[in-house]
Amino acid sequence: MKKIISVLLLISLIIMPTSCKKPATSNIDNSEQSSSSEILDGALGSSDTTSSENPDSSSSETTSNEASSGLFTKNPFSSSSTVSEANSNGNNPSSGTTNNDEQNKNPSNDGSSSNNSSSSSSSSSSSSSSSSSSSSSSSSSSSSSSSQPLPPNTLPNGVEYKSLIFNDDFSGNRLNTSKWELCPEWSRQGGACTWKNSMTSVSGGNLVLSINKDPLNPRKTIAGAVRTSGRFSNSFGYYEARIKFPTMKGSWGAFWIMAGDVNKVDNSGRDGSEIDIIETIDNIKTKSNHAVHWDGYDSGHKSQGKILNENIYDGNFHTFGFLWTNSKYVFYIDDKITWETTAGGVCQNPGYMKLTVESAFWNGSDASDAMANLPQKMFVDYVKVYSLK
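In what follows, the accompanying structure is described. For every chain, the first residue of its written sequence is number 1, and the numbers climb from 1 along that sequence. Selection of residues for local features in this predicted model requires a pLDDT of at least 70, selection of side-chain atom pairs for listing and counting requires 80 or more, and totals for whole chains, interfaces and linings are taken over all residues. Derived side-chain values reflect all non-hydrogen atoms in the structure, with water molecules and hydrogen atoms excluded from consideration.

**Some words on the overall build of the protein chain**
To keep it simple, the criterion reads: Only DSSP runs of H or I with at least four residues qualify as helices, and only runs of E with at least two residues qualify as strands; both kinds are numbered from the N terminus onward. Think of it in three bands: residues with accessible area under 20% of the maximum for their type are buried, residues over 50% are exposed, and the middle band is partly exposed, with areas taken using a 1.4 Å probe on protein chains only. For this analysis, residues touch if any pair of their heavy atoms sits within 4.5 Å.
Looking only at helices and strands, one finds 5 helices and 19 strands in the protein chain. Residues classed as buried in the protein chain amount to 41% of the 389 residues present. Taking all contacts inside the protein chain whose residues are at least 6 apart in sequence as the whole, residues at least 24 apart take part in 70%.

What follows is the structure, encoded as structure tokens:
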């Protein structure tokens, strides 16, 4: 009897359903590890720094507006929250505009696609011909209008002025000190660059601002800079300079204005603003920018700017204009409007102009390929300022 019972128990164990067996724990462990890994990767991958950087005022040698102007620890326009970006047509590439070709596609799929295609092709050809004719007509019209004389006291870009109140075409072989002074030999951008009087000259009808390795420290640079401080100051008007910029990693040239008390922090630029008519930050990427800064260069600093993809690094001179009225700023490149803004609230106080070159470690100025590209020169053909009607 015992033998029979033993045999029955043995048989019941052998035929037990597999669904009652305990699953292997190793499969569960592997699954949990994979899940944790994916969550960790997702958390790390989602991090994104978008806050704008504060200017670095610690490297300035004085507390004056200008000594601390434009001093940053990183590219001030690396954050999309402080800038807009335009392509060479002045359009925002991220605006989401649908391509016209996509909009004009025939969505029909009814079996007469062959005829539709033929009709579409014919229509396209006709449209192309019409477009070509229109383009030709437009070109002819443009050529005709450009040959017409401008109205009195009107610039090529349409700006109407009252009189020319500042003009320097840099004739001769020395800087006109009744209009300009050499900028103080300040250390710039955390010591990456020092403005040196010896790096500024006038030659061949141009102001020449040079930048080269610092002979005392090959990781740093020395560069030229001038300003109209104490010579010429103005507010509302039209400002223009014709400049040929070099391309140089980590370094940039600029045409700018220091207006009013920029260091006053009151959530407004009406009493003081730094106005960068043109800066060539990231020039090796063919980029440049306009910008307005206000409320000092410390924790209260604020700015707005526009990054451009204009082709100004073709080895030719280009004109950079700035219209300043009591209600708006308008920026121009080669007589075309590239930005219009009221950033900070339009400054109501006069300021002086600056033409400068400098470099920064945060922009890679001490990299070997940057240093290998020195020396470089920025040429300025003329600077003009007009009063407005």
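Structure's up, so let's keep going.
**A short note on the nonpolar core**
General note: in soluble globular proteins, nonpolar side chains tend to be found buried as a group. In plain terms, the rule: Here the nonpolar core consists of buried residues drawn from Ala, Val, Leu, Ile, Met, Phe, Trp, Tyr and Cys, with membership extended through side-chain atoms lying within 4.5 Å.
Core analysis: the largest hydrophobic core is formed by 57 residues, its most contacted members being Phe 255, Trp 324, Leu 355 and Val 383. Considering each element in turn, this core owes the most residues, 6 residues, to strand β11 (residues 251-260).

**What about the side chain of Asp 168?**
Topologically, Asp 168 is positioned in strand β2 (residues 161-168). Not counting residues within four places of it along the chain, the set of residues in contact with Asp 168 comprises Asn 176, Lys 179, Trp 180, Asp 381, Tyr 382 and Val 383.

**Some thoughts on the pairing of strand β16 (residues 329-333)**
Within a regular strand, the side chains alternate between the two sheet faces. As a reminder, the rule being used: A pair of strands is considered paired only if DSSP assigns at least 2 bridges between the two.
For β16, the tally of buried residues reaches 5 of 5 residues, placing the bulk of the element in the interior. Of the two faces of β16, the one holding Tyr 329, Phe 331 and Ile 333 and the one holding Val 330 and Tyr 332 are both buried throughout. With 5 bridges joining them, strand β15 (residues 318-324) and β16 adopt antiparallel strand pairing. Within the sheet, the bridge partner assigned to Leu 323 lies in β16 and is Val 330. Where β15 folds back onto β16 in an antiparallel hairpin, the turn is made up of 4 residues. Bridge analysis of β16 against strand β17 (residues 336-341) gives 5 bridges, and the strand direction is antiparallel. Bridge assignment links Phe 331 to a residue of β17, and that residue is Trp 339.

**What about the pairing of strand β8 (residues 217-223)?**
Pairing of strand β5 (residues 193-195) with β8, which is carried by 3 bridges, proceeds in the parallel orientation. When the bridges of β8 are listed, Cys 193 appears paired with Thr 221. As defined by bridge partners, strand β7 (residues 206-214) adjoins β8 across 4 bridges and the pair is classed as antiparallel. Considered in β8, the bridge of Asn 212 is made with Ile 222. Counted between consecutive antiparallel strands, the loop separating β7 from β8 contains 2 residues.

**Overview of the pattern of salt bridges**
Note the threshold: Think of a salt bridge as a Lys or Arg side-chain nitrogen and an Asp or Glu carboxyl oxygen that are within 4 Å of each other.
According to the stated counting rule, one finds 10 salt bridges in the structure shown. The salt bridge involving Glu 181 is made with Arg 227; its shortest N-O contact spans 2.5 Å. Placement of Glu 181 in strand β3 (residues 181-182) and of Arg 227 in strand β9 (residues 225-227) is noted, with a sequence separation of 46 residues between them. The exposure class assigned to Glu 181 is buried, which follows from its relative accessible area of 18%. Classification of Arg 227 by relative accessible area gives buried; the value is 12%.

**What to know about the side chain of Thr 228**
Applied cut-off: Polar contacts, as counted here, are pairs of nitrogen or oxygen atoms within 3.5 Å of one another; within protein the pair requires one atom able to donate a hydrogen and one able to accept it, and residues that are adjacent in sequence qualify only if both atoms are side-chain atoms.
Position of Thr 228 among the secondary structure elements: in the loop between β9 and β10 (237-244). For Thr 228, a relative accessible area of 0% gives the class buried. There is a polar contact of 2.9 Å between the side chain of Thr 228 and the backbone nitrogen of Met 353.

**Topic: the packing of aromatic side chains**
So the rule is basically this: Each Phe, Tyr or Trp ring (for Trp, its six-membered ring) is paired with any other whose centre lies within 6.5 Å, and the angle between the two planes then decides the class: stacked below 30 degrees, edge-to-face above 60, tilted in between. Should the NZ of a Lys or the CZ of an Arg lie within 6 Å of a ring centre and within 35 degrees of the ring normal, that charge is described as sitting over the ring.
This structure, assessed with the given rule, holds 17 aromatic pairs. Measuring from ring centre to ring centre gives 6.4 Å for Trp 186 and Trp 195, while their planes differ by 40 degrees; the resulting arrangement is tilted. Among the residues examined, Trp 195 registers a relative accessible area of 1% and is labelled buried. An aromatic cluster of at least three residues, connected via ring pairs, comprises Phe 236, Tyr 239, Phe 322, Trp 324, Tyr 329, Phe 331 and Trp 339. Sitting over the ring of Phe 166, Lys 179 keeps its end group 5.9 Å from the ring centre. Its end group placed over the ring of Phe 379, Lys 244 keeps NZ or CZ at 5.2 Å from the ring centre.

**Some thoughts on the environment of Trp 294**
Its location among the elements puts Trp 294 in strand β13 (residues 288-294). Trp 294 sits in the buried class, given a relative accessible area of 7%. Residues Trp 294 and Val 262 lie 32 residues apart in sequence; the distance between their C-alpha atoms is 5.6 Å.

**Description of the environment of Phe 166**
Counting through the fold element by element, Phe 166 comes out in strand β2. For the pair Phe 166 and Ser 233, spaced 67 residues apart in the sequence, the C-alpha separation amounts to 9.8 Å. Residues in contact with Phe 166, not counting those within four places in the same chain, are Lys 179, Trp 180, Thr 228, Phe 232, Met 353, Val 383, Lys 384 and Val 385.

**Comments concerning unusual backbone geometry**
The omega torsion of the bond from Leu 374 to Pro 375 falls at 5 degrees, within 30 degrees of zero and hence cis. One non-glycine residue with positive phi stands out, namely Asn 267, at about 60 degrees. By secondary structure assignment, the location of Asn 267 is in the loop between β11 and β12 (272-279). Residue classification places Asn 267 among the exposed positions, given a relative accessible area of 60%. Positive phi, normally seen in glycine, also occurs at Asp 335, with a value near 70 degrees. For Asp 335, a relative accessible area of 33% gives the class partly exposed.

**Regarding the environment of Cys 183**
Among the structural elements, Cys 183 can be located in the loop between β3 and β4 (187-188). Residues Cys 183 and Leu 355, 172 residues apart in the sequence, show an inter-C-alpha distance of 9.4 Å.

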